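# Descriptive structure summary
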Amino acid sequence: MTNPQWTAVDHYFTETIAPADEALTAALADSTAAGLPEIAVAPNQGKLLHLLASVQGARNVLEIGTLGGYSTIWLARALPADGRLITLEYSPAHADVARANIARAGLDKIVEVRTGAALDTLPQLETEGAGPFDLVFIDADKVNNAHYVAWALKLSRPGTVIVVDNVVREGRVATPHPDDPAITGTREMFDLIAAEPRLDATALQTVGTKGYDGLLLARVIN
């Protein structure tokens, strides 16, 4: 579901208040050239992530789902020079593209790309004592959304912000779809958050260059 007007408005927002630069443009171009799916966040959404990390005063960020590193660059640019961002990517090929994009942006000193299934690498982070993270951005396979939020909570502190992308599924999230694991996983995530007293959350529907979707924003309160 797309609408030319949504795209036009997104382009207007991007051109006026969230302009691209060489590193961001190249990250998208190289991701496309490498055959990665064109599912990175839109530029104005990337800027939103950047602002959330800035407002949060984040120094330690976790990203679940790297793709080509486009959202990673937006997030990492909000961190101080001694900040750290760990991003988890399932595909080794995608991780290689992301590492090159992140290095070109001059952020390889504070960003670490870890390869492997996130449900395998997240326990490693806990063992290493890598947390607590100030902000967690989840944009990976939707089947495991509930598991990712549960892990984000384990690796958090009071005040940690958790952002989950693609939670509306073109409106289909509102009703059960047993044949669609992405919707089932997303609904399980909403059920988990609704029952979790340590999380205060809301979700927003969005339209734009990425069609009709939305995001969830949660804060760890204790």
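Quick note: structure is the one above.
These numbers were taken from a predicted model, which means no experiment stands behind them. (Residues numbered from 1 in each chain as written. Predicted model: local features only at pLDDT ≥ 70, side-chain atom pairs only at ≥ 80, totals over all residues. Heavy atoms only, no water.)

## Side note on the pairing of strand β1 (residues 60–64)
Regular strands place their side chains on alternate faces of the sheet. Defined as follows: Between buried and exposed lies partly exposed: a residue is buried under 20% and exposed over 50% of the maximum accessible area for its type, with that area taken using a 1.4 Å probe on protein chains only. Secondary structure elements follow DSSP: runs of H or I of four or more residues count as helices, runs of E of two or more count as strands, with numbering from the N terminus. Strand pairing is assigned whenever DSSP identifies at least 2 bridges connecting the two strands. Crossovers are marked right-handed if the path from the first strand over the helix to the second runs clockwise, as seen with the strands pointing away from the viewer.
For β1, the tally of buried residues reaches 5 of 5 residues, placing the bulk of the element in the interior. Because side chains alternate across β1, one face comprises the buried residues N60, L62 and I64, and the other comprises V61 and E63, equally buried. Pairing of β1 with strand β2 (residues 84–89), which is carried by 5 bridges, proceeds in the parallel orientation. By the bridge assignment for β2, I64 is matched with L88. Between the parallel elements β1 and β2, the chain passes through helix α4 (residues 70–76) in a crossover that is right-handed.

## Things to note about the sheet that holds strand β6 (residues 199–208)
What counts, and what does not: In this analysis an axis means a line fitted to C-alpha atoms, helices contributing only their contacting stretch, and an angle means the value between N-to-C directions, from 0 to 180 degrees. Any pair of residues with heavy atoms lying within 4.5 Å of one another is described as a contacting pair.
Strand order in the open sheet made by the 7 strands is β3-β2-β1-β4-β5-β7-β6, with mixed pairing throughout. At either margin of the open sheet sits one strand with a lone partner, and together these are β3 (111–115) and β6. Ignoring strand direction, the axes of neighbouring strands in this sheet form an average angle of 15°. Packing against the sheet, helix α7 (residues 145–154) makes contact with β1, β4 (135–138), β5 (161–165), β6 and β7 (211–220), and its axis sits at approximately 170° to β4.

## Thoughts on the packing of α7 against helix α8 (residues 181–195)
As a packed pair, α7 and α8 sit with axes 7 Å apart at the nearest point and diverge in direction by 35°. Contacts from N145, A146, V149 and A150 of α7 reach α8 at G185, T186, E188, M189, L192 and I193.

## Description of the pattern of salt bridges
Heads up, the condition is: Salt bridge, as used here: a side-chain nitrogen of Lys or Arg that lies within 4 Å of a carboxyl oxygen of Asp or Glu.
Inspection of every chain in the model, using the stated rule, returns 10 salt bridges. A salt bridge links D30 to R104; the shortest N-O distance between them is 2.9 Å. Of the two residues, D30 is situated in helix α2 (residues 22–33) and R104 in helix α5 (residues 92–104); the sequence distance between them amounts to 74 residues. Judged by its relative accessible area of 38%, R104 is partly exposed. A salt bridge links D82 to R59; the nearest nitrogen and oxygen atoms lie 2.5 Å apart. Here the residue D82 occupies a position in the loop between α4 and β2, and R59 occupies one in the loop between α3 (43–56) and β1, the gap between them amounting to 23 residues. Of the residues examined, D82 reaches a relative accessible area of 57% and is grouped as exposed. With relative accessibility at 41%, the residue R59 sits in the partly exposed group. By sharing partners, the salt bridges in this structure join E112, R114 and E128 into a single network.

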